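# Fold and contact review
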Amino acid sequence: AGSELRGADPETFRVLNTLYAKDGRNAYTMRGSIPGADAASFEAVGPTRHAFNTSNGYARDDRAVYHTTLGGKACVIVQNPMPGLIGMRAEQLRPP
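Residues numbered from 1 in each chain as written. Predicted model: local features only at pLDDT ≥ 70, side-chain atom pairs only at ≥ 80, totals over all residues. Heavy atoms only, no water.

### Quick look at the sheet that holds strand β2 (residues 21–22)
- In spatial order, the strands read β1-β2-β3-β4; together these four strands make up an open sheet with antiparallel pairing. Strands at the two margins of the open sheet, each flanked by one partner only, are β1 (14–15) and β4 (32–33).
- By the bridge criterion, two bridges tie β1 to β2 in an arrangement that is antiparallel. Looking across to β2, one finds that Val15 is bridged to Ala21. (Pairing = 2+ DSSP bridges. Helix = DSSP H or I, 4+ residues; strand = E, 2+ residues; numbered from the N terminus.)

Set out below in structure tokens:
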């Protein structure tokens, strides 16, 4: 079963993994668009284990690093990160 993402551009829409997708204008979770996310630089970063048994929890763009919470809403965990953080590998972003 899927859900409709209202306003998504079907021509540029791309599923990144089971939690994240993007089109030419927005980045998305299963709950809808991620406010403030930069679609051009948005990418899923993973795998990362979650308490709710998924392995796709982090994403990033040129502005922030995101984590998807229980219920599918993306939250910003690092806003305006230092330049080196955006280029880090997924295992370097995992919490201890």
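### With respect to the pattern of salt bridges
- Going through the model one piece at a time under the given rule, you end up with two salt bridges.
- The partner of Asp38 in a salt bridge is Arg63, and the shortest N-O contact between them spans 3.9 Å. Of this pair, Asp38 sits in the loop between β4 and β5 (43–45) while Arg63 sits in the loop between β6 (58–60) and β7 (64–68), and the two are 25 residues apart along the sequence.
- Accessibility expressed as a relative area gives 17% for Asp38, which makes it buried.
- Assessed through its relative accessible area of 39%, Arg63 is described here as partly exposed.
- Glu43 is paired through a salt bridge with Arg60; the nearest N and O atoms lie 2.8 Å apart. One end of the pair, Glu43, is in strand β5; the other, Arg60, is in strand β6, with 17 residues separating them in the sequence. (Salt bridge = Lys/Arg side-chain N within 4 Å of Asp/Glu carboxyl O. Buried < 20%, exposed > 50% of the residue type's maximum accessible area, 1.4 Å probe, protein only.)

### Describing the side chain of Asp9
- The topology assignment puts Asp9 in the segment before β1.
- No salt bridge is formed by the buried Asp9. Its closest oppositely charged neighbour is Arg25, at 4.4 Å.
- Excluding residues within four positions of it along the chain, Asp9 makes contact with Asp23 and Arg25. (Lys, Arg positive; Asp, Glu negative; His and termini not counted. Contact = heavy atoms within 4.5 Å.)

### Details of the environment of Phe13
- Counting through the fold element by element, Phe13 comes out in the segment before β1.
- A relative accessible area of 32% means that Phe13 is categorised as partly exposed.
- Along the chain, Phe13 and Ala27 lie 14 residues apart, while their C-alpha atoms are 9.4 Å from each other.
- Non-local contacts of Phe13, meaning those with residues more than four positions away in its chain, are made with Leu5, Ala8, Ala21, Lys22, Asp23 and Tyr28.

### What to know about the nonpolar core
- The biggest cluster of nonpolar side chains holds nine residues, and these are Leu19, Tyr20, Ala27, Ile34, Ala37, Phe42, Ala59, Ala64 and Tyr66.
- Sequence-distant contacts of Ala37, that is, excluding residues within four places in its chain, are made with Ala27, Phe42, Asp61, Arg63 and Tyr66. (Core = buried A, V, L, I, M, F, W, Y, C linked by side-chain atoms within 4.5 Å.)

### Overview of the environment of Thr18
- You can see Thr18 is positioned in the loop between β1 and β2.
- By relative accessible area, which is 62% here, Thr18 ends up exposed.

### Details of the environment of Ala37
- Summarising the element assignment, Ala37 is placed in the loop between β4 and β5.
- Measuring from C-alpha to C-alpha, the distance between Ala37 and Lys22 comes to 9.8 Å, with 15 residues separating the pair along the chain.

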